[in-house]
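Summary of structural features
The lines below spell out each chain.
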Amino acid sequence: MTRIAAVRPALPPYRYPQSELTEAFASICLPDGRGTALLRRLHANAGVSYRHLALPLEQYAVLKDFGEANDAWIAAAVELGAEAVAGAVKDAGLTLDDVDLLMFTTVTGVAAPSIDARLALRLGLREDVKRVPLFGLGCVGGAAGIARVHDYLLAWPKQVAVLLSVELCSLTLQRDDSSLPNLVGGALFGDGAAAVVLVGSEHPSASGPSVVATRSRLYPDSERVMGWDVGSGGFRIVLGADVPEVVRKYLGSDVRGFLSDFGLTVPEIGTWVSHPGGPKVLEAVAETLSLRPGALDLTWKSLDAVGNLSSSSVLHVLGETLRLDPSGMGVLLAMGPGFCSELVLLEW
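Just so it is clear, the structure is predicted and the values come from calculations on it, not from any experiment.

The pairing of strand β4 (residues 101-106) with strand β5 (residues 130-135) spans six bridges and is parallel. Bridge pairing links threonine 106 to phenylalanine 135 in β5. You can see the chain leave β4, run along helix α4 (residues 115-123) and come back into β5, and the turn it takes is right-handed.

Have a look at this one:
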């Protein structure tokens with residue numbers, strides 16, 4: 001089975017309390033003051049105390065357009081990605097020359113050459129390294145990335161693969177947008193990255209938790225539940241109020257069906273590694289799965305400490321989980337645009 005050899009989260013250096021971000025967001029997106037009371041209420045109830053930003057807070061007000069914001073995204077993504085990849089490979093006891101595949105996932109910026117190509121050149125990865133850039137998976141990208149790397153390593157069990165997620169959500173900020181999705185997104189999302197090193201079952205360094213199996217689910221008539229509308233100002237968030245209800249409708253039966261194929265039930269899963277979403281989403285996950293109290297504590301703590309990092313979040317939670325050195329069976333899960341879910345069965 002594929003092994004998770006190391007996880008290295010990375011965060012930009014600019015860290016701010018939620019209250020300071022609330023006022024800055026209000027000045028940029030609600031300059032006439034209308035909607036400020038709602039904004040402050042949403043920020044206060046988001047379950048977030050601090051977030052990290054790719055740029056110093058004062059620079060966001062002077063970004064002229066989508067092109068300038070995306071240029072800042074490229075520069076910051078390369079810096080943060082290099083830190084995460086180099087750190088993860090070192091943590092795994094490997095060298096950069098050992099990397100056979102680099103998979104990169106993001107939904108907050110665009111680049112060609114892609115960030116993985118720029119990183120391969122910057123870090124000095126082998127000239128024959130395979131690259132797989134993924135765009136559009138959003139919050140599900142961390143879990144889906146692990147699943148797709150696992151698929152690759154089943155075919156190449158002696159190889160080493162790195163999954164990198166970089167999400168700089170702050171650089172998608174839409175000015176003068178008082179819509180509820182923009183206000184909610186502005187309350188939840190932060191900036192961050194994470195790299196995961198995975199090795200095939202025949203690699204001599206095969207240690208760490210095993211990826212036993214994965215499952216993807218795409219839900220009908222859900223295209224407008226979550227995503228982007230792309231316009232001249234960049235990425236305008238699509239975020240339906242029905243996300244928690246979609247979770248309640250589908251996730252419980254999906255997880256139970258997935259586990260039953262391996263003779264398992266929800267109570268037999270000792271470790272849950274979940275994307276944080278937001279408070280209502282986490283409550284829906286716990287409710288539909290009838291999870292024991294405290295099962296999602298690490299996810300709640302991650303939301304509080306850094307906010308929702310889109311595809312990077314579940315990898316941050318995975319990194320914290322590995323620190324606890326659990327045993328037995330675990331499930332890593334996330335949901336995102338499609339609307340869809342990705343499930344990964346783990347064994348320690």
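One way to put it is that helix α8 (residues 279-289) packs onto helix α9 (residues 297-306) with a least axis distance of 11 Å and a crossing angle of 175°. Considering the angle they form, α8 stands roughly antiparallel to α9. From α8, Pro279, Leu282 and Glu283 reach across to α9, where they touch Thr299, Trp300 and Leu303. Counted by class, the contact of α8 with α9 contains four nonpolar, one polar and one charged residues.

According to the domain assignment, the protein chain consists of domain 1 (3-199) and domain 2 (210-347). In this structure, domain 1 and domain 2 have C-alpha centres spaced 18 Å apart. Buried area between domain 1 and domain 2, both sides added, is near 3,800 Å², and the carbon and sulfur share of it is 66%. For domain 1, the biggest contributors to the area lost against domain 2 are Phe66, Cys139 and Gln174; these three give 16% of the whole. At the surface where domain 1 touches domain 2, the tally comes to one salt bridge. The partner of arginine 148 in a salt bridge is glutamate 342, and the shortest N-O contact between them spans 3.2 Å. When contributions to the side of domain 1 that touches domain 2 are tallied by element, the ones reaching two or more residues are β1 (2-10), β3 (50-53), α5 (141-155), β6 (160-168), α6 (180-188) and β7 (191-199). Here the side of domain 1 that touches domain 2 gets nine residues from one element, more than from any other, and that element is α5. Classifying every residue of the side of domain 1 that touches domain 2 gives 30 nonpolar, 19 polar and seven charged.

Per the UniProt entry, the sites bearing "domain: Chalcone/stilbene synthase C-terminal" (unreviewed entry) are residues 214-346 in this numbering. With 38% helix and 27% strand, residues 214-346 has its two end C-alpha atoms placed 9 Å apart.

On the basis of which strands lie adjacent, the open sheet formed by nine strands has the order β5-β4-β6-β7-β1-β8-β13-β12-β11 and mixed pairing. Of all strands in the sheet, those bounded by a partner on one side alone are β5 and β11 (271-274). Neighbour-to-neighbour, the strand axes of this sheet turn through a mean angle of 25°, independent of strand direction. Here eight bridges tie strand β8 (residues 210-218) to strand β13 (residues 340-347), and the two strands are oriented antiparallel to one another. When the bridges of β13 are listed, arginine 217 appears paired with serine 341. Here helix α7 (residues 243-260) sits on the sheet in contact with β8, β11, β12 (329-336) and β13, set at roughly 35° to β13.

Attention shifts here to the nonpolar core. Inside soluble globular proteins, nonpolar side chains tend to come together where they are buried. Within the largest apolar cluster, 52 residues are counted, with the highest numbers of intra-cluster contacts made by Leu164, Leu168, Leu171 and Val197. For this core, the elements supplying multiple residues, two or more each, are β1, α1 (18-29), α3 (66-91), β4, α4, β6 and β7. Looking at which element gives the most residues to this core, the answer is α3, with 13 residues. Setting aside its immediate chain neighbours within four residues, valine 197 contacts Arg3, Ile4, Ala5, Ala6, Ala88, Val89, Ala92, Leu94, Val160, Ala161 and Val162. Membership of the second largest hydrophobic core comes to 41 residues, among which are Leu239, Leu259, Trp272 and Leu282.

Quick look at unusual backbone geometry now. In the segment running from alanine 112 into proline 113, the intervening peptide bond is cis, with an omega of 5°. Mapped onto the elements, proline 113 comes out in the loop between β4 and α4. A cis amide bond, omega -10°, links glycine 338 with the succeeding residue phenylalanine 339. One can find phenylalanine 339 in the loop between β12 and β13. The phi torsion at aspartate 221 lies on the positive side, around 55°, for a residue other than glycine. Examined against the element boundaries, aspartate 221 turns out to sit in the loop between β8 and β9 (226-231). Here aspartate 221 falls in the exposed class, since its relative accessible area comes to 77%. Notably, aspartate 325 is not glycine yet its phi reads approximately 50°, a positive angle. Within the secondary structure, aspartate 325 is located in the loop between α10 (313-323) and β12. Judged by relative accessible area, aspartate 325 falls into the exposed class, the value being 63%.

Packing of helix α2 (residues 36-44) against α6 leaves a shortest axis separation of 8 Å and a crossing angle of 40°. If you check the angle between α2 and α6, you find them oblique. The handedness of the crossing between α2 and α6 is right-handed. Along its contact with α2, which presents Leu38, Leu39, Leu42 and His43, the element α6 presents Leu180, Leu183, Val184, Gly186 and Ala187.

Conventions we followed
- One numbering rule holds for all chains: residues counted from 1, following each sequence as written.
- It should be noted that, the model being predicted, local features are given only for residues of pLDDT at least 70 and side-chain atom pairs only at 80 or more, the latter also being counted only at that level, while totals for whole chains, interfaces and linings use all residues.
- Water and hydrogen atoms were dropped before computing side-chain values, which therefore reflect all heavy atoms in the structure.
- Two strands make a pair as long as DSSP finds a minimum of two bridges between them.
- Put simply, DSSP H or I for four residues or longer makes a helix, DSSP E for two residues or longer makes a strand, and each gets a number counted from the N terminus.
- Crossovers are described as right-handed under a simple rule: with the strands pointing away from the observer, the path leading from the first strand over the helix to the second runs clockwise.
- Where helices are involved, their axes are fitted lines through C-alpha atoms of the stretch in contact, as for all axes, and angles between N-to-C directions lie from 0 to 180°.
- These descriptions rest on fixed angle ranges, namely under 35 degrees for roughly parallel, over 145 for roughly antiparallel, 65 to 115 for roughly perpendicular, and the rest for oblique.
- What makes two residues a contact is simply this: any of their non-hydrogen atoms within 4.5 Å.
- Throughout, the ten residues Ala, Val, Leu, Ile, Met, Phe, Trp, Tyr, Cys and Pro are labelled nonpolar, Asp, Glu, Lys and Arg are labelled charged, and all others, Gly among them, are labelled polar.
- An automatic or database domain assignment provides the domain bounds reported here.
- Two parts placed together each lose some accessible area; with a 1.4 Å probe, that loss summed over both constitutes the buried area.
- Whenever Lys or Arg places a side-chain nitrogen within 4 Å of a carboxyl oxygen from Asp or Glu, that contact is recorded as a salt bridge.
- UniProt positions are given in the numbering used here, feature names are shortened, and annotations may be inferred rather than shown by experiment.
- Put simply, a nonpolar core is a bunch of buried Ala, Val, Leu, Ile, Met, Phe, Trp, Tyr and Cys residues held in one set by side-chain atoms that sit within 4.5 Å of each other.
- For every residue, the accessible area (1.4 Å probe, protein chains only) is compared with the maximum for its type, and the residue is labelled buried under 20%, exposed over 50%, or partly exposed between those bounds.
- Should the near helix be turned counterclockwise from the far one by less than a right angle, the crossing is left-handed, whereas a clockwise turn marks it as right-handed.

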